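Next come the chains, spelled out residue by residue.
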Amino acid sequence: MSVYKMICLDIDGTLLNSKHKITQPVKDSIQKVVTEKNIPIILVSARMPKGIIFLQKELGIAFPIISYSGALILDKKQNILHQEILPSTDVQSIYAAAKKLQAHLSIYKEDTWYIEKNDVWSRQESDITGIRPEIQPFAKLLTQWNSQKTGPNKLLCMAAPEIIQTLKNSLAAKSITSYCSKPTYLEIVPSSASKTNAIKYLANIGSIATKEIMTIGDNYNDIDMLESAGLGIAMGNAPDAVKIHAAAITASNDNDGVAAAIEKYCLR
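Everything numeric here is computed off the predicted structure, so don't read it as measured data.

**Brief notes about empty space enclosed by the protein**
Per the counting criterion, the structure on display carries one cavity of 30 Å³ or more. Estimated volume of the largest cavity: approximately 30 Å³. Along the walls of the largest cavity sit Leu86, Ser88, Val91, Leu142, Trp145, Asn146, Thr150, Gly151 and Pro152, which together make up its complete lining. Secondary structure elements with two or more residues in the lining of the largest cavity: α4 (88–100) and α6 (138–147). Per element, the largest residue contribution to the lining of the largest cavity is three residues, and it comes from α6. A class-by-class count of the residues in the lining of the largest cavity yields five nonpolar, four polar and no charged.

Right under this line is the structure:
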């Protein structure tokens, strides 16, 4: 019998292969562990809810999801359980810095993706996620949110690697966490948000102990959940700097690493 009562999966580079697809062996292993072992599969991602929910449907599962790297948690009926927002002053300063460097800025709040205009970066992201953004003047949007005492869950800056690195180096606010999900992508979320905190939130609801949680991820923003779980598993395609924080390594996302991990630790 499996000692794990919750499996938390990153999406890009983990659940999905390099073609952004879920392979049949991975689907089969997930459906098997859910139906035979009654273990919930929690998808944990920097993506917005729309970019996660369609994958749940493809897998045939219905569980809570963690989006924006922990800044937004939805229940299985897509109601908001918990969220963290970025302070308006930080959003304004990042907006100004991105504009000065001519970097693309996307703003995410709950299940809406906002841009000021379509460009090569927004079109690329739409192609990957299958989601269309809403075009809005940011100054008006931020003024409205400021008056409502609310704000976005995540910012995404996209540009050439050297511009992204310059922008990242310029961010010093203690209220934000920034990381590069790829050389051309800078993700910015509230410092109070993390995949681990969100996982703990759901574990508490389900009375699941830390030692009963298995996590699988491949990138730098997965390190905290790999270290804090009962069993943290890094994908074979993860950078070495991520792998050293995991208790185990599975195969790559192009070699059904998620299926191999589930089979080894939950189905045998």
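Once the structure has been displayed, the description carries forward.
**Some points on the sheet that holds strand β2 (residues 41–44)**
Pairing in this open sheet of eight strands is mixed, and the strands run β5-β4-β3-β2-β1-β12-β13-β14 from one edge to the other. Edge positions in the sheet fall to β5 (80–83) and β14 (248–249), since each has one partner strand and no second. Relative to β14, strand β13 (residues 231–234) runs parallel, the two sharing two bridges. Paired with Ala234 across the bridge in β14 is Ile249. Packing of helix α3 (residues 50–59) onto the sheet brings it into contact with β2 and β3 (65–67), and relative to β3 it is tilted by some 150°.

**Notes on the pattern of salt bridges**
Under the defined criterion, the tally for this structure stands at eight salt bridges. The salt bridge involving Lys195 is made with Asp10; its shortest N-O contact spans 3.2 Å. Within this pair, whereas Lys195 is found in helix α8 (residues 195–205), its partner Asp10 is found in the loop between β1 (6–9) and α1 (11–15), the two being separated by 185 residues in sequence. Accessibility classification places Lys195 together with Asp10 in one group, the buried group. Between Arg47 and Asp12 there is a salt bridge whose closest N-O contact spans 2.8 Å. On the criterion of sequence distance, the pair formed by Arg47 in the loop between β2 and α3 and Asp12 in helix α1 is long-range, its members being 35 residues apart. Using a relative accessible area of 8% as the deciding quantity, one classes Arg47 as buried.

**So, the side chain of Thr184**
If you trace the backbone, Thr184 turns up in the loop between β10 (176–182) and β11 (185–190). Its relative accessible area of 18% is what places Thr184 among the buried residues. Excluding anything up to four places from it in sequence, Thr184 contacts Trp121, Cys157, Met158, Ala159, Pro161 and Ile164.

**Here's the deal with α4**
Helix length check: α4 (13 residues) gives 18 Å between terminal C-alpha atoms against 18 Å at 1.5 Å per residue, within 8%. Along α4, the residues classified as buried are Asp90, Val91, Ile94, Tyr95 and Ala98. Seen from one end, α4 has its buried residues packed into an arc of 135°, which puts them on one side. Along α4, exposed side chains directed more than 90 degrees from the buried face belong to Thr89, Lys99 and Lys100. Those residues of α4 that are buried are in contact with β6 (104–109), α6, β9 (154–158), α7 (161–170), β10 and β11. Immediately downstream of α4, the backbone of Gln102 shows phi near 60°, a positive value.

**Focus: helix α11 (residues 257–267)**
Every buried residue of α11 is listed here: Gly257, Val258, Ala259, Ala261, Ile262, Cys266 and Leu267. Contacts from the buried residues of α11 go to β1, α1, α2 (24–37), β12 (213–217) and β13.

**With respect to the sheet that holds β9**
Strand order in the open sheet formed by six strands is β8-β7-β6-β9-β11-β10, with mixed pairing between adjacent strands. Here the strands that pair on one side only, and so sit at the sheet edges, are β8 (134–135) and β10. Contacting β6, β9, β10 and β11, α4 runs over the sheet at an angle of about 10° to β9.

Calculation notes
Residues numbered from 1 in each chain as written. Predicted model: local features only at pLDDT ≥ 70, side-chain atom pairs only at ≥ 80, totals over all residues. Heavy atoms only, no water. 1 Å grid on protein atoms, 1.4 Å probe; cavity = no way out; pocket = protein on both sides within 12 Å on 5 of 7 lines; lining within 4 Å. Points joined across faces, edges and corners; volume = space filled by probe spheres on them. Helix = DSSP H or I, 4+ residues; strand = E, 2+ residues; numbered from the N terminus. Nonpolar A, V, L, I, M, F, W, Y, C, P; charged D, E, K, R; others polar. Pairing = 2+ DSSP bridges. Contact = heavy atoms within 4.5 Å. Axes fitted to C-alpha atoms, helices over the stretch in contact; angles between N-to-C directions. Salt bridge = Lys/Arg side-chain N within 4 Å of Asp/Glu carboxyl O. Buried < 20%, exposed > 50% of the residue type's maximum accessible area, 1.4 Å probe, protein only. Expected span 1.5 Å × (residues − 1). Arc of directions from axis to C-beta.

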